[in-house]
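# Secondary and tertiary structure notes
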Amino acid sequence: MAIPVIFSTGSLYPFGLERVYAWASEAGFDGVEIMMDERWDTHQEEYLRSLVGRHGVPILALHAPLYRGAWGLGPEETLVRVARLAARMEVPTVVAHPPPPGRPLERWKKGPLREAREHGVVVAVENMPHSGAGGMFRVRRKSCYLPEHLADVGEVTLDTSHAGASKVDLLRAHSVLATQLRHVHLSDSNLEAGRDEHRLPGKGRLPLRPFLAALEASGYPGAVSLELKPWPLGAPDPETILKRMRAALQFAREGLDV
């Protein structure tokens, strides 16, 4: 079965969820990943189901809020509640950030991560950029950036831009994490340390085509999610956005067609 290529709504976070979902449908993506944030539209089951029904495009991943979400809960309780929502909606994957440095990873794995996974969905822990601060996708981290840091957390998400910002060899990261890999955030990077760029695929220096070929050859069971930044997509111009979304989708599908 072909690996689905989906679009993260976080790529265009300054726009409304309805508009971004419609663009993902018009561009031809196989599904969407909902970036949950402080807006209730990203949390409410009935509304999310209505988007699926109107646009005919499934939600294949929920990304737990990066900061405090609309529920106003702490990150641990929020993660469990996101997994519960995903289970009710039959969304197969939840993307989770590990706790920041200074908070014990072992306690998190044995507590909220284990509890979230008990709801029967994949909870895929994401590799983080080594450094950088400011902006939605630039969260300062000093741990969980090497593939070895995630070797014992179970299912993982591999973010290619985070690997680039951390000067991590992308193909080696795939080799180390292949048996755990359940979700991919695809974007490009100029490989400048600390710069988490989320560029358009093919507009940077990451070996994305060999990486996509390795995914296909390894029998990867998850989705490839385009997680970009608004400005490489041409925001705020709708015509440019749609054109670049289609180009990114074509890049990913061609890379997976080996």
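A quick note: this is a predicted structure, and the numbers were derived from the prediction, not measured.

Helices and strands together make up the secondary structure of the protein, namely eight helices and eight strands. Computed over C-alpha atoms, the radius of gyration of the protein comes to 17 Å, within 12% of the 18 Å expected from 2.2 N^0.38 for 258 residues, which places it in the range of a compact globule. For the C-alpha atoms alone, the extent of the protein along its principal axes is close to 45 × 40 × 35 Å. In the protein, which comprises 258 residues, the share counted as buried stands at 53%. Contacts in the protein between residues at least 24 apart in sequence constitute 75% of all its contacts with a sequence separation of at least 6. Here the protein holds 31 positive side-chain charges and 31 negative ones, and the gap between their average locations is 5 Å.

On to the environment of Ala-178, then. In this structure, Ala-178 sits in the loop between helix H6 (170-177) and strand E7 (181-186). When the C-alpha positions of Ala-178 and Glu-155 are compared, they lie 9.9 Å apart, and in sequence the two are 23 residues distant.

Bringing helix H3 (residues 75-89) into the picture now. With 15 residues, H3 ought to run about 21 Å at 1.5 Å a step, and its terminal C-alpha atoms sit 21 Å apart, in line with that. Those residues of H3 that fall on the buried side of the exposure criterion are Thr-78, Leu-79, Val-80, Val-82, Ala-83, Leu-85, Ala-86 and Met-89. Buried residues along H3 sit in contact with helix H2 (45-55), strand E3 (59-63), strand E4 (93-96), helix H4 (105-117) and strand E5 (122-126).

A few words now on the side chain of His-162. Counting through the fold element by element, His-162 comes out in helix H5 (residues 160-165). Using a relative accessible area of 3% as the deciding quantity, one classes His-162 as buried. Reaching out from His-162, the side chain makes a polar contact with the backbone oxygen of Asn-127 at a distance of 2.7 Å.

Let us look at the nonpolar core. In terms of nonpolar packing, the biggest core is built from 73 residues, with Leu-215 and Met-245 touching the most fellow members. Broken down by element, this core gets its largest block of residues, eight residues, from helix H8 (residues 238-256). Apart from the residues within four sequence positions on either side, Leu-215 is in contact with Ile-3, His-174, Leu-181, Val-184, Tyr-220, Val-224 and Leu-256.

In a regular helix each residue adds 1.5 Å, so 13 residues correspond to 18 Å; H4 covers only 16 Å between its end C-alpha atoms and thus falls short of that length. Of all the positions in H4, only Trp-108, Lys-109, Gly-111, Pro-112, Leu-113 and Ala-116 are classed as buried. Structurally, H4 contributes buried residues whose contacts are with H3, E4 and E5.

As summarised here, the arrangement of the eight strands in space is E1-E2-E3-E4-E5-E6-E7-E8, forming a closed barrel in which the pairing is parallel. Here the strands of the sheet are splayed against their neighbours by 30° on average, with no regard to which way each runs.

A few words on the confidence of the model for the protein. Do not read the predicted coordinates in detail wherever pLDDT is low. Confidence in the prediction of the protein, expressed as mean pLDDT, is 93, and 94% of residues score 70 or more. In this model residues 132-142 is a low-confidence stretch, pLDDT under 50, and it forms 37 contacts with partners more than four residues away in sequence or in other chains.

This part takes up the side chain of Thr-9. With respect to the element layout, Thr-9 can be found in the loop between strand E1 (5-8) and helix H1 (17-27). Of note is the side chain of Thr-9, whose polar atom sits 3.0 Å from the backbone nitrogen of Met-35. Dropping the residues within four chain positions of it, Thr-9 is found in contact with Leu-17, Val-20, Glu-33, Ile-34 and Met-35.

Side chains of E1 alternate between two faces, with Val-5 and Phe-7 and Ile-6 and Ser-8 buried alike. Pairing geometry for E1 and strand E2 (residues 31-35), over three bridges, is parallel. Within E2, the residue paired with Phe-7 across the bridge is Val-32. Running through H1, the crossover from E1 to the neighbouring parallel element E2 is right-handed.

Bringing unusual backbone geometry into the picture now. Backbone torsion omega between Ala-235 and Pro-236 reads 10°, so that peptide bond is classified as cis. Topologically, Pro-236 is positioned in the loop between strand E8 (223-226) and H8. One non-glycine residue, Lys-167, lies in positive phi territory at about 60°. Within the secondary structure, Lys-167 is located in the loop between H5 and H6. Lys-167 gets classed as exposed once you look at its relative accessible area, which sits at 56%. Positive phi, close to 65°, is recorded for Leu-191, a residue that is not glycine. Along the chain, the position of Leu-191 falls in the loop between E7 and helix H7 (208-217).

Criteria and thresholds
Residues numbered from 1 in each chain as written. Predicted model: local features only at pLDDT ≥ 70, side-chain atom pairs only at ≥ 80, totals over all residues. Heavy atoms only, no water. Helix = DSSP H or I, 4+ residues; strand = E, 2+ residues; numbered from the N terminus. Rg over C-alpha atoms; globule rule 2.2 N^0.38 Å. Buried < 20%, exposed > 50% of the residue type's maximum accessible area, 1.4 Å probe, protein only. Contact = heavy atoms within 4.5 Å. Lys, Arg positive; Asp, Glu negative; His and termini not counted. Charge placed at Lys NZ, Arg CZ, Asp CG, Glu CD. Expected span 1.5 Å × (residues − 1). Polar contact = N/O pair within 3.5 Å; in protein donor to acceptor, adjacent residues only side chain to side chain. Core = buried A, V, L, I, M, F, W, Y, C linked by side-chain atoms within 4.5 Å. Pairing = 2+ DSSP bridges. Axes fitted to C-alpha atoms, helices over the stretch in contact; angles between N-to-C directions. pLDDT = per-residue confidence, 0-100. Right-handed = clockwise from strand over helix to strand, strands pointing away.

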